[in-house]
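Descriptive structure summary
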Amino acid sequence: MSEAIKKVRVATVSLAGCFGCHMSFLDMDERLVPLMERIEFNRSPLTDIKHCDPCDIGLIEGGLCNSENVEVLREFRDNCRILIAVGACAINGGIPAMRNQFELRDCLAESYLDGIGVENPQIPNDVELPLMLDKVHPVHEAVKIDYFLPGCPPSADEFLKIIGDLLEGKQPSLPQNLVHYD
Ligand code: SF4
């Protein structure tokens, strides 16, 4: 009997992201079928695995907006041989980083105290809640990132190209026609 091919283990996460990058990954549609013969998912919103085992590739969607984001990102860095910042939010903070021009306390007040339709105004402070960071940060400010996949979101073709290159043991590169930042 032929030996099963060892699959490349991939972990994915959405930090301060909108899950749009994950949706774009799934936009590979039927091309996911042959890909799944080569890779397996570890920790990911697509699985029920709660913590990262040692992985070959980690895909990080979203920047850092709270303490839990930083903890999870460090877990990925500790466990993933190759870490890829996926999408504008992970690369430069993206749209969520627009809050950086305001004070955090003003953002919280706008949402929880003075917002339209707010009843019983109070800033949530349960210990279960992760603390918000003063500013939103791109992931490379907290850990070393190996590759950056631009776009908001990156297209399914971009995901396929970068993962395909890695599966072939090549240095990943994107042709100019796949590079976009919107
Ligand atoms: S880069 Fe765009 S699609 Fe991806 S998480 Fe950020 S806002 Fe969503």
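One numbering rule holds for all chains: residues counted from 1, following each sequence as written. Note on the predicted model: pLDDT of at least 70 is required for a residue's local features to be given, and 80 or more for side-chain atom pairs to be given and counted; whole-chain, interface and lining totals, by contrast, use all residues. As a rule here, side-chain values come from all non-hydrogen atoms in the structure, and water together with hydrogens is ignored.

Regarding the side chain of S44
As for its position among the elements, S44 is in the loop between strand 2 (39-41) and strand 3 (55-61). With sequence-adjacent residues up to four places away left out, S44 is seen in contact with T12 and I49. A run of H or I in DSSP becomes a helix once it reaches four residues, and a run of E becomes a strand once it reaches two; helices and strands are each numbered from the N terminus. In this description, contact between two residues means that some pair of their heavy atoms is separated by no more than 4.5 Å.

Remarks on the environment of A16
Tracing the backbone shows A16 in the loop between strand 1 (8-14) and helix 1 (20-26). When the C-alpha atoms of A16 and A97 are compared, they prove to be 9.6 Å apart, with 81 residues separating the residues in sequence. Setting aside anything within four residues of it in sequence, one finds A16 in contact with G62, G63, L64, C65, N69, C89 and P96.

Overview of the sheet that holds strand 1
When DSSP finds at least two bridges between two strands, those strands are taken to pair. With parallel pairing, five strands are arranged side by side in an open sheet as 2-1-3-5-7. The sheet is open, and its two edges are formed by strand 2 and strand 7 (147-149), each paired on a single side. Here the strands of the sheet are splayed against their neighbours by 30° on average, with no regard to which way each runs. As paired elements, strand 1 and strand 3 share five bridges and run parallel to each other. Bridged to V13 within strand 3 is I60. Note on geometry: axes are lines fitted to C-alpha atoms, helical ones only across the stretch in contact, with angles between N-to-C directions running from 0 to 180 degrees. Lying over the sheet, helix 3 (residues 67-79) contacts strand 1, strand 3 and strand 5 (80-86), oriented at roughly 135° with respect to strand 5. Against the sheet, helix 6 (residues 156-167) makes contact with strand 1, strand 2, strand 3, strand 5 and strand 7, and its axis sits at roughly 155° relative to strand 7, the strand it touches most.

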